[in-house]
Amino acid sequence: MSEETNPATNSGDVPPDHLSVNPRNSAFDAEVLGRGVGIKFKGRVRTDIEEYSISEGWVRVQAGKTTDRKGQPLTIKLNGPVEAWFEDLGENPPVAKKS
């Protein structure tokens, strides 16, 4: 599981290690997504992330407007450092990242 920047914070204050916006994916969690999850990938805040894994260090983003035969967007996997936080916690929220 991911490490927090402040170990004294509640583990409910950081997003899960693996999360997806696709309801067909086992990593989908509507309740968590409803809180708003901010993602920083390779030091840049991204808003186009379809799925991420902090411990494995990757994100999936949509590959243009291309879809598969079932109408789902095609994604590409990018490797690098991933950080995640809940946007509903205001300024300076606890950040989940690989240590």
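Just above, that's the structure.
Calculation criteria
Residues numbered from 1 in each chain as written. Predicted model: local features only at pLDDT ≥ 70, side-chain atom pairs only at ≥ 80, totals over all residues. Heavy atoms only, no water. Pairing = 2+ DSSP bridges. Helix = DSSP H or I, 4+ residues; strand = E, 2+ residues; numbered from the N terminus. Axes fitted to C-alpha atoms, helices over the stretch in contact; angles between N-to-C directions. Core = buried A, V, L, I, M, F, W, Y, C linked by side-chain atoms within 4.5 Å. Buried < 20%, exposed > 50% of the residue type's maximum accessible area, 1.4 Å probe, protein only. Contact = heavy atoms within 4.5 Å. Phe/Tyr/Trp six-rings, centres within 6.5 Å; stacked < 30°, edge-to-face > 60°. Lys NZ or Arg CZ within 6 Å of the ring centre and 35° of its normal. 1 Å grid on protein atoms, 1.4 Å probe; cavity = no way out; pocket = protein on both sides within 12 Å on 5 of 7 lines; lining within 4 Å. Points joined across faces, edges and corners; volume = space filled by probe spheres on them. Nonpolar A, V, L, I, M, F, W, Y, C, P; charged D, E, K, R; others polar.

1. Digging into the sheet that holds strand β6 (residues 58–67)
The strands making up a sheet associate through backbone hydrogen bonding, with each pair oriented either parallel or antiparallel. Sheet architecture is open: four strands sit in the order β2-β5-β6-β7, paired in antiparallel fashion. Either end of the sheet is taken by a strand with one partner, and the two such strands are β2 (18–20) and β7 (73–79). On average, adjacent strands in this sheet sit at an angle of 25 degrees to one another, irrespective of strand direction. Pairing geometry for β6 and β7, over six bridges, is antiparallel.

2. So, the nonpolar core
By size, the foremost hydrophobic cluster in this structure holds 14 residues, and its most contacted members are Ile39, Ile49, Tyr52, Ile54, Val59, Val82 and Ala84. At the level of elements, β3 (37–41), β5 (49–53), β6 and β8 (82–86) are the ones that each hand at least two residues to this core. For this core, the element with the highest residue contribution is β8, accounting for three residues. Contacts of valine 59, omitting those with residues within four sequence positions, involve Phe41, Ile49, Glu51, Tyr52, Ile76, Lys77, Leu78 and Val82.

3. Brief notes about the side chain of arginine 46
As for its position among the elements, arginine 46 is in strand β4 (residues 44–46). Among the residues examined, arginine 46 registers a relative accessible area of 15% and is labelled buried. Other than its neighbours up to four places away in sequence, arginine 46 contacts Ile39, Phe41, Val61 and Leu78.

4. Description of the packing of aromatic side chains
Applying the stated rule across the entire model yields zero aromatic pairs. The aromatic ring of phenylalanine 86 is capped on one face by arginine 35, whose charged end is 3.8 Å from the ring centroid.

5. Digging into the pairing of β8
Where burial is concerned, most of β8 is hidden: four out of the five residues are buried. Taken together, the five bridges between β3 and β8 define a ladder with antiparallel strand orientation. Looking at the pairing, valine 37 lines up with phenylalanine 86 of β8. Both β8 and strand β9 (residues 96–97) contribute to a ladder of two bridges, which runs antiparallel. Considered in β9, the bridge of alanine 84 is made with alanine 96.

6. Concerning the layout of surface pockets
Considered as a void within the structure, the largest pocket measures approximately 200 Å³ in volume. The wall of the largest pocket is formed by 16 residues, among which Val21, Val37, Ile39, Arg46 and Ile49 lie closest to the centre. For the lining of the largest pocket, the secondary-structure elements that each account for two or more residues are β2, β3, β4 and β5. Per element, the largest residue contribution to the lining of the largest pocket is four residues, and it comes from β5. Of the residues belonging to the lining of the largest pocket, the class tally is eight nonpolar, three polar and five charged. Here the second largest pocket is characterised by a volume of approximately 160 Å³. What lines the second largest pocket is Ser20, Val21, Asn22, Arg24, Asn25, Glu50, Glu51, Arg60, Gln72, Pro73 and Thr75. Along the lines of polarity and charge, the residues of the lining of the second largest pocket split into two nonpolar, five polar and four charged.

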